[in-house]
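Here are the chains, one letter per residue:
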Amino acid sequence: MKAIRRFTVRPVLPEPLRPLSDLARNLRWSWHAGTRDLFRSVDPGRWAAAGRDPVRLLGSVATGRLTELAGDRDFLDRLDAVAGDLHAYMTGDRWYQAQTDRLPAAVAYFSPEFGITAALPQYSGGLGILAGDHLKAASDLGVPLIGVGLLYRHGYFRQSLSRDGWQQEHYPVLDPHELPLDQLEEPDGTPAQVTLALPGDRSLRARIWLAQVGRVPLLLLDSDVEENDLGERGVTDRLYGGGSEHRLLQEMLLGIGGVRAVRAYCRLTGHAAPEVFHTNEGHAGFLGLERIAELRAGGLDFDAALEAVRAGTVFTTHTPVPAGIDRFDRELVARHFGPHAELPNMEVDRILRLGTESYPGGEPGLFNMAVMGLRLAQRANGVSLLHGDVSREMFAGLWPGFDPEEVPITSVTNGVHAPTWVAPEVFRLGARQIGAQRAEEALSVGDSDRWDSVVDIADQDIWELRRSLRELLVLEVRERLRASWRQRGAGTAELGWIDGVLDPDVLTIGFARRVPSYKRLTLMLRDRDRLTELLLHPERPVQIVVAGKAHPADDGGKRLIQELVRFADDPRVRHRIVFLPDYGMAMAQKLYPGCDIWLNNPLRPLEACGTSGMKAALNGCLNLSVLDGWWNEWFQPDFGWAIPTADGAGTDPDRRDDIEAAALYDLLEQRITPCFYERGRGGLPDRWIEMVRRTLSLLGPKVLAGRMVREYVERLYAPAAHAHRAMDPDSARELAGWKARVRAAWHGVTVDHVETSVTAATAATAELGTTLALRVRVGLGGLKPEDVEVQAVSGRVDEEDRITDAAAVPLKPVGAPDPEGRWVYEGPLVLDRTGPFGYTVRILPGHRLLASGAELGLVAVPSEDVVEAAGLLMR
């Protein structure tokens, strides 16, 4: 019989066990082994049945067992120790508190998804896992972050397979009362809410759930409240679901409602108000509009409020392709703002201009969330060095006249939260070398360049560790594969072969990620005969574990999964290659440590960063990847292998896949499998073990989320906080007025004449170290020298006279303007590089409150006539 109503009945813990409730509701347990061990000892069987979720465990454990534990002195002593450890973690000073710079009092971090733990399934893939790792690392470092997201009642989706291998989606309903969440409440006990105005005098209300991620509060907005109509209740139904208006409402709730939720949380708890707002991808970009509205209510006009908001905002882009950005029809956006809708006191055309693709090739009818994010943030970054380059190229149209390398988008390479992703067996081996406390600090703070202690671990210990992790993965795969085949309709009698799937002594390759076409799930199938030979090689076989989800609307991705599943179903190879459905955090934590090779073969440069290979590396797994994302930055032959790319402009996609697949097979046949199976004098694969050792000792410290968050603090959050403090109302008005004046006058800014102290005839004999005097006459169009910076830009030149590796030196005004209002600037030009050398002159806007000379996208350079008169100094 089916229940007509559902309740969540919470257990009443005996008084001595009350600390268990606090431990269960702080998600630090998801990365703190001591807390998990304590919960496991409550009831090992129920712990496994509860999916290693302490909240579910406590809701299912028998009353008699709780009574027994309440009288168990040993258990109570352990409970006191773990609870005391959490209290010290929450209240003690950490890395952030030891810094001498005036760092932000708080940072608000907005993301559409957060992957904290499988017990809180609010993520679809890398973006969410990265956001979860960001929060955890911030907690470990003591960074006063406030996370902001949405609570999706169906999460993303659960994946299974049909009998013929087609992806099936399931959307189980999540009850917040059964999750490690608490409701934010007003002083009178009523739920705290935020409200958005919708067209047609409707409202969208959302309550605020709180997940405590160590020291970091994560606020999750939930529209499934009784006060909403049915349509509004479904706004937070599922992650990345629904049509354009549904997505727009989600992003308005995340951005605008998220700021209101932060204000409510700070009011109710006394938490410091954020000085910096970090937008993790464009979905939350509307947060800037709400902050502009707040400042306008305080008396600032739109332009001054915009400057104040920009000063304290950081925007991170994660996509290397325009198609990956959310874009909405302008009319749809216009309908949801202004009179009779949200932000009624704000001019709709000003809102629309923020998201307009006003650059060559842009579509003026669309509202681009990433473009708005960049215009609302004074600081922006990509997520790897290569992705920073790609982002500067992709968004260069917003800064016309500047070379892509000068576009003000920097990069902070992603990292992963080692305490979450390092297998307990790996941690114990490290702790045996340097002690548990030092090992914990090394994994969380990430402030060293190398882990020298790994060098002292015996080869035998490393090899035994790798073998044991592989064996654990084999058992996990068989269990999951059996469950998958039962879901596909197979009977028990059909599944005896699963007991022979995979071998703990065979080289194991892992490939797990989302399944968009650019990640090329099926590149390994390009030559099936050759792959089969690799799988079944009599002396050097390989085995492959594959997992991944396609977006529910992506039939192309589903076809790729089906193609791979059908190959893996072949009785000839099914003991050597498997596809595991329902890839998520719980599976990943078993998969990364158990693999010897982590395979990544996207179309370069479409992988912004990619972090799965980082998690594998922290467990001694070697990477085999296209030089894309983070691997392009940190690859060394000591750490793994690079798959050559055939990315020439003339290579068609099919031929490119053929070439790169052949290169993949070659690497496996000629270099990787011999290295794994070749034995030295001691009977061990010496070369392989040395690569594992170097991966752990040299690559490990680089890939940490602790390193990443420290970079965000030092390079982005601290400068943004300083800019925020400097941008008081008077300064904001001053900067806004100055920008308006500069933009209006810029058409009259010119470089009229350039000359040097060397003639064209003698330039050919110039020697390294020579200093030339540069004299420039410029027109400022009514501006003053303090409004601009005149620069000499010099460096090597290519065959088309483009300056590469440019260096800019400011020139200084000399005397007063001439009768025509022209100014003369002078300065030295040092010939500091050999070979073809060139220079130019340019004028940029200059103001003390600008973060970059390119900020306004304005630049004046010499005309062709001036260039011809000045000549180009070379050699």
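Keep in mind the model is a prediction, meaning the values are calculated, not measured. (Residues numbered from 1 in each chain as written. Predicted model: local features only at pLDDT ≥ 70, side-chain atom pairs only at ≥ 80, totals over all residues. Heavy atoms only, no water.)

Visitor: For this particular structure, what's the right way to read the overall build of the chain?
Guide: Looking only at helices and strands, one finds 30 helices and 29 strands in the chain. With the C-alpha coordinates of the chain rotated into their principal frame, the extents come out at 95 × 75 × 50 Å. Relative to its full complement of 875 residues, the chain shows a buried share of 56%. Look at the contacts in the chain between residues 6 or more apart in sequence, and 74% of them connect residues 24 or more apart. A gap of 4 Å separates the mean positions of the 100 positive and 121 negative side-chain charges of the chain. (Helix = DSSP H or I, 4+ residues; strand = E, 2+ residues; numbered from the N terminus. Buried < 20%, exposed > 50% of the residue type's maximum accessible area, 1.4 Å probe, protein only. Contact = heavy atoms within 4.5 Å. Lys, Arg positive; Asp, Glu negative; His and termini not counted. Charge placed at Lys NZ, Arg CZ, Asp CG, Glu CD.)

Visitor: Would you take a moment to explain the packing of aromatic side chains for this structure?
Guide: For any two aromatic rings, the description comes down to two numbers: the centre-to-centre distance and the angle of the planes. Applying the stated criterion to the full structure yields 19 aromatic pairs. Both rings, one in Phe-39 and one in Trp-47, keep their centres 6.3 Å apart while their planes meet at 5 degrees; by these two values the pair is stacked. Judged by relative accessible area, Trp-47 falls into the buried class, the value being 2%. When the ring of Trp-421 is compared with that of Tyr-592, the centres are 5.7 Å apart and the planes differ by 75 degrees; the resulting orientation is edge-to-face. A residue pair is termed long-range when its members are at least 10 positions apart, and Trp-421 in helix α16 (residues 418-421) and Tyr-592 in helix α22 (residues 585-594) qualify at 171 residues. The residues Trp-421 and Tyr-592 share a single accessibility class, namely buried. Among the aromatic side chains, those forming a connected cluster through ring pairs are Trp-463, Trp-641, Phe-676, Tyr-677 and Trp-688. Positioned above the aromatic ring of Trp-463, the side-chain terminus of Arg-470 is 5.4 Å from the ring centre. (Phe/Tyr/Trp six-rings, centres within 6.5 Å; stacked < 30°, edge-to-face > 60°. Lys NZ or Arg CZ within 6 Å of the ring centre and 35° of its normal.)

Visitor: When you look at the side chain of Thr-316 in this model, what are you seeing that I'm missing?
Guide: By the element assignment, Thr-316 lies in strand β12 (residues 313-316). Residue classification places Thr-316 among the buried positions, given a relative accessible area of 0%. A distance of 2.8 Å separates polar atoms of two side chains, one belonging to Thr-316 and the other to Asn-381. Side chain to side chain, Thr-316 and Tyr-712 meet in a polar contact 3.4 Å long. (Polar contact = N/O pair within 3.5 Å; in protein donor to acceptor, adjacent residues only side chain to side chain.)

Visitor: Explain the side chain of Ser-612 to me, please; I cannot follow it from the model alone.
Guide: One can find Ser-612 in helix α23 (residues 612-617). On the accessibility criterion, Ser-612 (12% relative accessible area) is buried. Reaching out from Ser-612, the side chain makes a polar contact with the side chain of Trp-598 at a distance of 2.9 Å. Leaving out residues up to four positions away in the same chain, Ser-612 has contacts with Ala-512, Arg-513, Tyr-592 and Trp-598.

Visitor: Looking at this structure, I do not really get empty space enclosed by the protein. What am I missing?
Guide: Empty pockets left among the atoms are what a rolling probe the size of a water molecule brings to light. Tallying each qualifying case throughout the model produces six cavities of 30 Å³ or more. By volume, the largest cavity is sized at about 90 Å³. If you trace the largest cavity, you find 13 residues lining it, with Leu-481, Trp-485, Arg-488, Asp-569 and Phe-579 closest to the centre. Elements supplying a minimum of two residues to the lining of the largest cavity: α19 (459-487), α21 (555-568) and β19 (577-580). A breakdown of the residues in the lining of the largest cavity according to their chemical character gives nine nonpolar, one polar and three charged. Put simply, the second largest cavity is a space of about 60 Å³. Lining the second largest cavity we find Pro-112, Leu-150, Tyr-152, Leu-239, Tyr-240, Arg-247, Gln-250, Glu-251, Leu-254 and His-283. In terms of residue count, helix α9 (residues 244-269) provides more of the lining of the second largest cavity than any other element does, four residues in total. (1 Å grid on protein atoms, 1.4 Å probe; cavity = no way out; pocket = protein on both sides within 12 Å on 5 of 7 lines; lining within 4 Å. Points joined across faces, edges and corners; volume = space filled by probe spheres on them. Nonpolar A, V, L, I, M, F, W, Y, C, P; charged D, E, K, R; others polar.)

Visitor: Would you take a moment to explain the sheet that holds strand β24 (residues 771-780) for this structure?
Guide: The strands that make up a sheet are held in pairs by hydrogen bonds between backbone atoms, and each pair lies either parallel or antiparallel. The strand order β23-β24-β28-β27 describes an open sheet built from four strands, whose pairing is antiparallel. Edge strands, defined here as strands with exactly one partner in the open sheet, are β23 (749-756) and β27 (812-814). This sheet shows a mean twist of 35 degrees between the axes of neighbouring strands, independent of strand direction. Across nine bridges, the pairing between β24 and strand β28 (residues 822-830) is antiparallel. Note on β28: the bridge partner recorded for Ala-773 is Pro-828. (Pairing = 2+ DSSP bridges. Axes fitted to C-alpha atoms, helices over the stretch in contact; angles between N-to-C directions.)

Visitor: Got a minute to help me understand the packing of helix α17 (residues 424-434) against α19 in this structure?
Guide: The contact between α17 and α19 brings their axes to 10 Å, and the two run at 160 degrees. Classified by the angle their axes make, α17 and α19 are roughly antiparallel. Crossing of α17 against α19: the hand is right-handed. Of the residues in α19, those in contact with Glu-425, Val-426, Leu-429 and Arg-432 of α17 are Asp-461, Leu-465, Leu-469 and Leu-472. (Parallel < 35°, antiparallel > 145°, perpendicular 65-115°, else oblique. Left-handed = near helix turned anticlockwise from the far one by under 90°.)

Visitor: Help me understand the environment of Ala-512 in this model?
Guide: Relative to the assigned elements, Ala-512 resides in strand β17 (residues 507-512). Remark: the alpha-carbon pair of Ala-512 and Asn-600, spanning 88 residues in sequence, is separated by 8.7 Å. Leaving out residues up to four positions away in the same chain, Ala-512 has contacts with Ala-547, Tyr-583, Leu-591, Trp-598 and Ser-612.

Keep in mind these values describe shape, not function.
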